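Architecture at a glance
Each chain is listed here by its residues.
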Amino acid sequence: MTTTSLITGASSGLGTEYARQLAGRGDHLVLVARDRARLEALADELHRAGAAEVEVLAADLTAPGGIAAVTERLTEAARPVDVLINSAGFGLPLAFEENDIDDEVRHLRLHVEVPMQLIHAALPGMLARGHGEIINLSSVSAVMPRSTYGAAKGWLVSFSRWANSRYRPRGVTVTAVCPGYTHTEFHARLGLAEGEEGIPDWQWLEAPRVVTESLRDVTRGRAVSVPSRRYRAIFTAAQLVPTGLMSRLAARGR
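Residues numbered from 1 in each chain as written. Predicted model: local features only at pLDDT ≥ 70, side-chain atom pairs only at ≥ 80, totals over all residues. Heavy atoms only, no water.

1. Comments concerning the packing of helix H1 (residues 13-24) against helix H6 (residues 207-219)
Put simply, the rule reads: Helix axes are fitted only over the stretch in contact, all axes being lines through C-alpha atoms; the angle between N-to-C directions runs from 0 to 180 degrees. Only DSSP runs of H or I with at least four residues qualify as helices, and only runs of E with at least two residues qualify as strands; both kinds are numbered from the N terminus onward. Should an angle fall under 35 degrees it is called roughly parallel, over 145 degrees roughly antiparallel, and 65 to 115 degrees roughly perpendicular, with every other angle called oblique. In a left-handed crossing the near helix is turned counterclockwise from the far helix by less than a right angle, and in a right-handed crossing that turn is clockwise. Should any heavy atoms of two residues lie within 4.5 Å, those residues are counted as being in contact. Three classes are used: nonpolar for Ala, Val, Leu, Ile, Met, Phe, Trp, Tyr, Cys and Pro, charged for Asp, Glu, Lys and Arg, and polar for all others, with Gly counted as polar.
Two elements in contact, H1 and H6, have axes whose closest approach is 9 Å; the angle formed by their N-to-C orientations is 60 degrees. Our classification of the angle between H1 and H6 gives oblique. Like other packed secondary-structure pairs, H1 and H6 cross with a definite hand, here right-handed. In contact with Leu14, Glu17, Tyr18, Gln21 and Leu22 of H1, H6 contributes Ala207, Pro208, Val210, Val211, Thr212, Ser214 and Leu215. Per-class residue counts for the contact of H1 with H6 are eight nonpolar, three polar and one charged.

Structure, rendered in structure tokens:
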């Protein structure tokens, strides 16, 4: 049977890399993002890469109509979704007091409320069928005091740990993926050119490695996936370091 995977934030970054790797294994893909033109261009590439089928679902997940459209697709009994990947997201400057509060509310909605709604929509069908995988794109920032980005990503890790424990015995795994700094468009969208983060080269990861390692952890049923040994060490140490010190260390980059 062909696996159907729905990916939010599919038009860029790690969302695109998940789409490419899942196309390579012959999945039926449902691509979700705001930019229809980019999705359609990606769909053409994925067809050539081996995807069984590619659906394009252009939707703004921060708008009621957008979330309703994706929820409707997730609950179609005749076309079940086997894998849900919550990859949509964006970053904001760390100076919370200077950020526009409407941007902060939208940021919180996309990183917390939207994944929660989509998981809630997908779970009943997955549980009824006795199988399913849910992947939540979090960050190593989840264990660091790092403004509202770290706080939102921390929610995803906490929820994924609980949900995986509860639903894995019934055939549905829930995994929070926590990469460190990764070469994608994410930083460029913050207005940063290559090298402007102030982060040493050794801390950067490549998107294909992040996705490959995380998919391996998903098949193993892990609640949290931290790609690369270096970031697994950082992830563990960050939970032991005093908050004040970790806050200063986490202030590097954006």
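2. Structural notes on the sheet that holds strand S5 (residues 132-137)
Backbone-to-backbone hydrogen bonds pair the strands of a sheet. The strands run either parallel or antiparallel. The condition that has to hold: Any two strands with at least two DSSP-identified bridges between them are counted as paired.
Across the sheet, which stays open at both edges, the seven strands sit in the order S3-S2-S1-S4-S5-S6-S9 with parallel pairing between neighbours. Lying at the two open borders of the sheet, with one neighbouring strand each, are strand S3 (53-58) and strand S9 (224-225). The pairing of S5 with strand S6 (residues 172-177) spans six bridges and is classified as parallel. Opposite Asn136, over in S6, you have Ala176 as the bridge partner. Sitting on the sheet, helix H4 (residues 101-129) is in contact with strand S1 (4-8), strand S4 (83-86), S5 and S6, with an inclination near 170 degrees to S4.

3. Let's talk about the pairing of S6
The condition that has to hold: Exposure classes here rest on a 1.4 Å probe applied to the protein chains alone. A residue is buried below 20% of its type maximum, exposed above 50%, and partly exposed in between. Crossovers are described as right-handed under a simple rule: with the strands pointing away from the observer, the path leading from the first strand over the helix to the second runs clockwise.
In terms of burial, S6 is a largely internal element, six of the six residues being buried. Residues of S6 alternate between two faces, with Val172, Val174 and Ala176 on one and Thr173, Thr175 and Val177 on the opposite face, all of them buried. For the handedness criterion, the β-α-β arrangement of S5, helix H5 (residues 147-167) and S6 is classed as right-handed.

4. Things to note about the packing of aromatic side chains
For any pair of aromatic rings, the description consists of the separation of the ring centres together with the inter-plane angle of the planes. Our working rule: When two rings of Phe, Tyr or Trp (its six-membered ring) have centres within 6.5 Å they constitute a pair, described as stacked for plane angles under 30 degrees, edge-to-face for angles over 60, and tilted for the intermediate range.
In total, this model carries four aromatic pairs according to the counting rule given. Ring geometry for Trp162 versus Tyr167: centroids 5.8 Å apart, planes at 85 degrees, classification edge-to-face. Every member of this aromatic cluster is reached through a ring pair, and the members are Trp155, Phe159, Trp162 and Tyr167.

5. Structural notes on the pairing of S5
Of all six residues in S5, five are buried, a share of seventy percent or more. Bridging between S4 and S5 involves four bridges; their strand directions are parallel. Bridge pairing in S5 links Leu84 to Ile134.

6. Observations concerning unusual backbone geometry
Within the chain, Ser228 stands out as a residue other than glycine whose phi angle is a positive 85 degrees. Structurally, Ser228 is set in the loop between S9 and helix H7 (229-238).

7. With respect to H6
Counted only if it meets this: The length a helix should cover is 1.5 Å for every residue beyond the first.
Compared with the 18 Å implied by 1.5 Å per residue over 13 residues, the 19 Å span of H6 between its first and last C-alpha is a close match. Every buried residue of H6 is accounted for by Ala207, Val210, Val211, Glu213, Ser214, Leu215, Asp217 and Val218. Looking at the residues trailing H6, positive phi occurs at Gly221, about 80 degrees.

8. Considerations on empty space enclosed by the protein
What counts here: We place a 1 Å grid over just the protein atoms. Points where a 1.4 Å probe fits but has no way out form a cavity, open points with protein on both sides within 12 Å along at least 5 of 7 lines form a pocket, and any residue with an atom within 4 Å of a point lines it. Grid points are joined across faces, edges and corners, and a volume is the space filled by probe spheres set on the points.
Inspection of the entire model under this criterion finds one cavity of 30 Å³ or more. Roughly 70 Å³ of internal volume is contained in the largest cavity. Taken together, Thr8, Leu61, Asn86, Ser87, Ala88, Leu110, His111, Val114, Pro115, Leu137, Lys153 and Leu156 make up the full set of residues lining the largest cavity. Of all the elements, H4 adds the most residues to the lining of the largest cavity, at four residues. Considering only residue class, the lining of the largest cavity consists of seven nonpolar, four polar and one charged.

9. Structural notes on H4
What sets the pattern is the α-helix's 3.6 residues per turn: residues three or four places apart point alike. What counts here: Working definition for bend: take the seven residues up to and ending at a residue and the seven starting at it, fit an axis to each, and measure the angle between the axes. Any pair of N or O atoms that falls within 3.5 Å is considered a polar contact. Within protein, one atom must be able to donate a hydrogen and the other to accept it, and sequence-neighbouring residues count only if both atoms are side-chain atoms.
Over its 29 residues, H4 extends 41 Å from the first C-alpha to the last, a length consistent with the 42 Å expected when each residue adds 1.5 Å. At Arg109, H4 shows its strongest bend, of approximately 40 degrees. For H4, the N-terminal cap is Asp100; the gap from its side-chain oxygen to the backbone nitrogen of Asp102 is 2.9 Å. Immediately beyond the C-terminal end of H4, within one or two residues, lies Gly130, with a positive phi of roughly 80 degrees.

10. A word on the packing of helix H3 (residues 64-74) against H4
It is the contact of H3 with H4, at a shortest axis distance of 8 Å, that shows an interaxial angle of 25 degrees. Taken as axis vectors, H3 and H4 run roughly parallel relative to one another. Crossing hand, H3 versus H4: right-handed. Packed against H3, whose contacting residues are Ile67, Val70, Thr71 and Leu74, the element H4 presents Val114, Gln117, Leu118, Ala121 and Ala122 at the interface. Residues that form the contact of H3 with H4 fall into these classes: seven nonpolar, two polar and no charged.

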